[in-house]
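Structural features, examined
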Amino acid sequence: MAGDGQYDIFISYAREDAALVERLAAELAAYRWSVFWDGGLPTDLTGDAAIEDARHGAKVVVVVWSARSVASSQVDIEADQARQRGVGVAVLIDDCVPAVERDEDLADLRGWAASPGQRLPQTLIHALTSRLSTGAAQATQTARFRPAPRLVPATSDDADALASNRAIKFICVIGGKASEVAVPLARLHAKPDGLVIGRLADQCDIVLDDDSVSRRHALLRIGNGRLLLSDLGSTNGTLVNSVHAGDGIELVRGAVVRLGEVELNYRGIAK
């Protein structure tokens, strides 16, 4: 059972997969592990803070990859945070292309997902048992799960080199000309207060050279496992899908962001 708010397993998933994740959580709980997924949130725990506490305190984070979750910025971020802590276990439930690093092993649950009467593969159970009882490093060798690469907190000078090629991608349109903007995840993790977007290079982390953009226009940050954008009192406003960003609005893949006359199309997190 969970003690002091710490769970054995936290499950990261897309909400469209909730029915299958409920089955996964129940089967894992049958092994006497404490399992957290937000569909099974205890009645005395509510809100994003409880979810964030459970994720950060979990001994193992099981990331469920599917055609739905590969399109989820929240799952992307949760998977990246699990890699940093060295506690992630990736599982595949359909024929998607999962967003995993090159040296990550993947537990194939497609047969289990397609057959309600089938039990979870013992390779996964053994891997989780070893991780939870003896620590992630020894467990990965015992159960043939290699440890996920660990991302060391970086300064702004060396963040790009430590980003493991994972970056938040935008298509930026200024004056009718489009270009790609890639923001390494390491830069966000190195600055938990967020990255400032604006016109002046000496005051901003992400520079948009257009007169319609304020000197310090908007803030990009990670909060409660979500990618958030907020306005910094800009002259011409910050809109996400035509809604004012205010103190913070979540960015999901495909979102259209407008900062003055500049348009940013959020393309998700990728290598």
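All residue numbers refer to position in the chain's written sequence, counted from 1. Owing to the predicted nature of the model, reporting of local features is limited to residues with pLDDT of at least 70; listing and counting of side-chain atom pairs is limited to 80 or more, with chain, interface and lining totals taken over all residues. Heavy atoms from the whole structure form the basis of all side-chain values; hydrogens and water molecules are not counted.

Comments concerning the overall build of the chain
Secondary structure elements follow DSSP: runs of H or I no shorter than four residues count as helices, runs of E no shorter than two count as strands, and numbering proceeds from the N terminus. The helix and strand inventory of the chain stands at 7 helices and 16 strands. Of all 271 residues assigned to the chain, the portion counted as buried reaches 50%. In what follows, residue pairs with any heavy atoms lying within 4.5 Å of each other are defined as contacts. For the chain, contacts bridging at least 24 residues in sequence account for 54% of all contacts bridging at least 6. Here the accessible surface of atoms and residues is derived via Shrake-Rupley with a 1.4 Å probe, and residues count as covered only by protein chains that are part of the display. With an accessible surface of roughly 13000 Å², the chain has 48% of that area assigned to carbon and sulfur atoms. Categorising residues by exposure relies on relative accessible area from a 1.4 Å probe, with only protein chains included: less than 20% of the type maximum marks a residue as buried, more than 50% marks it as exposed, and the intermediate range marks it as partly exposed.

Some thoughts on empty space enclosed by the protein
It is the rolling of a water-molecule-sized probe over the atoms that shows where space remains empty. Cavity means a closed set of points on a 1 Å grid over the protein atoms alone, one where a 1.4 Å probe fits but cannot get out, pocket means an open set with protein on both sides within 12 Å along at least 5 of 7 lines, and lining means a residue has an atom within 4 Å of a point. Grid points are joined across faces, edges and corners, and a volume is the space filled by probe spheres set on the points. Summed over all chains, the structure comprises 5 cavities of 30 Å³ or more. Considering only enclosed or pocket space, the largest cavity measures out at about 70 Å³ in volume. What lines the largest cavity is Val63, Trp65, Ala79, Ala82, Arg83, Gly88, Val89, Ala90, Val100 and Glu104. Where the lining of the largest cavity is concerned, the elements lending two or more residues are β3 (60–65), α3 (73–85) and β4 (88–92). Asp, Glu, Lys and Arg are counted as charged, while Ala, Val, Leu, Ile, Met, Phe, Trp, Tyr, Cys and Pro are counted as nonpolar; the rest, among them Gly, fall into the polar class. Broken down by class, the residue content of the lining of the largest cavity amounts to 7 nonpolar, 1 polar and 2 charged.

Details of the side chain of serine 212
Take serine 212: it is sitting in the loop between β9 (206–207) and β10 (218–223). Contacts described as polar in this section are N or O atom pairs within 3.5 Å, which, within protein, must combine one atom able to donate a hydrogen with one able to accept it, while residues neighboring in sequence count only if both atoms come from side chains. Only 2.5 Å separates the side chain of serine 212 from the side chain of aspartate 210, close enough to count as a polar contact.

Remarks on the pairing of strand β1 (residues 9–12)
Of the two faces of β1, the one lined by Ile9 and Ile11 and the one lined by Phe10 and Ser12 are each fully buried. Note: β1 against strand β2 (residues 35–36), 2 bridges, orientation parallel. Bridge pairing links phenylalanine 10 to phenylalanine 36 in β2. One ladder, built from 4 bridges, connects β1 with β3; its direction is parallel. Note on β3: the bridge partner recorded for serine 12 is valine 63. Two strands pair under a simple rule: DSSP has to find at least two bridges between them.

Here's the deal with the pattern of salt bridges
Any Lys or Arg side-chain nitrogen located within 4 Å of an Asp or Glu carboxyl oxygen qualifies as a salt bridge. Summed over all chains, the structure comprises 12 salt bridges. When the shortest N-O distance is used, the salt bridge between arginine 55 and glutamate 78 registers 3.3 Å. You can see arginine 55 sitting in helix α2 (residues 47–57) and its partner glutamate 78 sitting in helix α3, a full 23 residues away along the chain. Note on accessibility: arginine 55 and glutamate 78 belong to one class, buried. One network of salt bridges, in which partners are shared, links Asp17, Arg68 and Asp94.

Some thoughts on the pairing of strand β11 (residues 226–231)
Most of β11 is tucked away, with 6 of its 6 residues classed as buried. The side-chain alternation of β11 yields two buried faces, one formed by Arg226, Leu228 and Ser230 and the other by Leu227, Leu229 and Asp231. Where β10 and β11 come together, 6 bridges link them in antiparallel fashion. In the sheet register, glycine 223 faces β11, and the bridge partner there is arginine 226. Between β10 and β11, which pair antiparallel in sequence order, lie 2 residues; one of them, asparagine 224, sits at a positive phi of approximately 55 degrees. Of the pairings in the sheet, the one linking β11 to strand β14 (residues 249–250) comprises 2 bridges and is antiparallel in character. For leucine 229, the partnering residue across the bridge sits in β14 and is isoleucine 249.

A few points about the layout of surface pockets
Within this model, the largest pocket holds a volume of roughly 210 Å³. Along its surface, the largest pocket is lined by 14 residues, and Tyr13, Ala14, Arg15, Asp38 and Gln74 are the ones closest to its centre. Breaking the lining of the largest pocket down by element, the ones donating at least two residues are β1 and α3. Of the residues assigned to the lining of the largest pocket, the class counts are 6 nonpolar, 3 polar and 5 charged.

Focus on the confidence of the model for the chain
For the chain, per-residue confidence averages 81 on the pLDDT scale, and 81% of positions sit at 70 or higher. Under a pLDDT of 50 for its full length, residues 42–46 has, in the predicted model, 5 contacts with residues more than four places off or in other chains. Confidence scores labelled pLDDT are given residue by residue by the predictor and lie between 0 and 100.

Considering the environment of alanine 182
Within the secondary structure, alanine 182 is located in strand β7 (residues 177–184). A sequence separation of 13 residues divides alanine 182 from lysine 169, and the C-alpha atoms of the two residues are 4.6 Å apart.

Quick word on the nonpolar core
Residues Ile168, Leu227 and Leu251 are the most contacted members of the largest nonpolar core, which totals 28 residues. For this core, the elements supplying multiple residues, two or more each, are β6 (167–174), α7 (185–190), β8 (195–198), β10, β11, β15 (256–259) and β16 (262–270). The residues contacting leucine 227, other than those within four sequence positions of it, are Ile77, Ile168, Leu188, Leu220, Arg221, Ile222, Ile249, Glu250, Leu251 and Tyr266. If you look at the next biggest cluster of nonpolar residues, it comprises 25 residues, including Val60, Ala107, Trp112 and Leu124. Side-chain atoms within 4.5 Å are what join buried Ala, Val, Leu, Ile, Met, Phe, Trp, Tyr and Cys residues into a set we call a nonpolar core.

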